[in-house]
Amino acid sequence: MPEDFRVLIVDDDFHVAKLHAAYVDSVGGFLALPPAGSAAQALQAIHSLRPDLVLLDVYLPDASGLDLLHQLDVDTIMLTAAADTASLRVAFRRGALGYLLKPFTSESLSQQLRSYARYRRILTQPGAVTQETVERAKRALMPGDVTASARPRSATEAAVLESLEPGEQYSAAEVATRVGVSRATAQRYLSSLADDGAVEIQLRYGSTGRPEHRYGVAVSR
């Protein structure tokens, strides 16, 4: 079972950081690490905790988040009140994958995180990277901009999608049984459909505490 994406929030306001951590933990497949309140704490936490993703504010007590961004070798999304075009340009020039202006809703951050998850899934698929892969990865990072693909679907992929009843959630094993294919095949097609935005993924925790991916038809926004 894939592990959750570990997220480090860097914000000098403890209450804001705690709220954003709750937002992160509400999204299936993501786990908020203890927040960092300064650039120095962020560097230490990144070194020791090895997060998958950093959510970084621009305004920190000991340094600009934009200067810190220049030092980081980890995926980063800016969460900030810096609403000037200069900050935005610098953030993208220095490698930020996204830029979310405060204040924002839990749903706005959830969309950003789900987009990041799609991006990571696309880039973990086996085989050489093609230009189509590059374009899909770029589109995946745009919240609300990933719609169900119009590309032709194979008979099996179409059957997997049609097996999902609207409003219901299924495991890969359940989909495999409904379609009559192996679990690995169902998993592969479900991941592809999720990358296209046709399927959404949620996590459900069972009695053993191990999370299970559940798949459902994506709800149009």
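One can find the structure itself at the top, above this paragraph.
Cut-offs applied
Residues numbered from 1 in each chain as written. Predicted model: local features only at pLDDT ≥ 70, side-chain atom pairs only at ≥ 80, totals over all residues. Heavy atoms only, no water. Axes fitted to C-alpha atoms, helices over the stretch in contact; angles between N-to-C directions. Helix = DSSP H or I, 4+ residues; strand = E, 2+ residues; numbered from the N terminus. Parallel < 35°, antiparallel > 145°, perpendicular 65-115°, else oblique. Contact = heavy atoms within 4.5 Å. Polar contact = N/O pair within 3.5 Å; in protein donor to acceptor, adjacent residues only side chain to side chain. Core = buried A, V, L, I, M, F, W, Y, C linked by side-chain atoms within 4.5 Å. Buried < 20%, exposed > 50% of the residue type's maximum accessible area, 1.4 Å probe, protein only. 1 Å grid on protein atoms, 1.4 Å probe; cavity = no way out; pocket = protein on both sides within 12 Å on 5 of 7 lines; lining within 4 Å. Points joined across faces, edges and corners; volume = space filled by probe spheres on them. Nonpolar A, V, L, I, M, F, W, Y, C, P; charged D, E, K, R; others polar. Pairing = 2+ DSSP bridges. Right-handed = clockwise from strand over helix to strand, strands pointing away.

A.B. asks: In this structure, what is going on with the packing of helix α8 (residues 172-179) against helix α9 (residues 183-196)? I would like to understand it.
C.D. replies: A pair of packed helices can be characterised by two numbers: the angle between their axes and the separation between those axes. Where α8 contacts α9, the axes come no closer than 8 Å and their chain directions differ by 105°. Comparing their axes, α9 and α8 come out roughly perpendicular. Here A172, A173, V175 and A176 of α8 come into contact with α9, specifically with R183, A186, Q187 and L190.

A.B. asks: What is the right way to read the side chain of D57 from this model?
C.D. replies: If you trace the backbone, D57 turns up in the loop between β3 (53-56) and α3 (65-69). Only 3.2 Å separates the side chain of D57 from the side chain of T80, close enough to count as a polar contact. When residues no more than four places from it in sequence are discounted, the contact partners of D57 are V10, D11, D12, G65, M78, L79, T80, A81 and K102.

A.B. asks: Got a minute to help me understand the nonpolar core in this structure?
C.D. replies: Note that soluble globular proteins tend to have their nonpolar side chains buried in a common cluster. Counting residues in hydrophobic clusters, the biggest one holds 26 residues, and the most contacted among them are V24, F30, L55 and L109. Those elements that provide at least two residues to this core are β1 (5-10), α1 (14-25), β2 (30-32), β3, β4 (75-80), α5 (106-123) and α6 (131-140). Ranked by residue count, the leading element in this core is α5, at six residues. In this structure, L109 is in contact with H20, Y23, V24, L55, L79, L100 and F104, ignoring residues within four places of it in sequence. Formed by 23 residues, the second largest nonpolar core is a distinct cluster that contains V54, L69, A82 and A96.

A.B. asks: I'm lost on the layout of surface pockets in this one. Help?
C.D. replies: Summary: where empty space remains is shown by rolling a probe the size of a single water molecule over the atoms. Of the voids in this model, the second largest pocket is the one considered here, and its volume is about 150 Å³. In this structure, the second largest pocket is lined by F92, L97, G98, Y99, L100, S108, Q112, K138, L141, M142 and P143. Among the elements of the structure, β5 (98-101) and α5 are those that each provide at least two residues to the lining of the second largest pocket. With three residues, the single largest contributor to the lining of the second largest pocket is β5. The residue makeup of the lining of the second largest pocket, split by class, is seven nonpolar, three polar and one charged.

A.B. asks: Help me understand the pairing of β5 in this model?
C.D. replies: Successive side chains on a regular strand alternate, one facing one side of the sheet and the next facing the other. Sheet topology places β4 next to β5; four bridges connect them, and they run parallel. Opposite I77, over in β5, you have G98 as the bridge partner. Each parallel crossover has a hand, and for β4 linked through helix α4 (residues 85-93) to β5 it is right-handed.

A.B. asks: Help me understand the pairing of β3 in this model?
C.D. replies: Both faces of β3 are covered, namely the face carrying L53 and L55 and the face carrying V54 and L56. The pairing of β1 with β3 spans four bridges and is classified as parallel. Residue V7 lies in a different strand from β3, and its bridge partner there is L53. Sheet analysis places β3 next to β4, joined by four bridges and oriented parallel. Along β4, the bridge assignment pairs L56 with M78.

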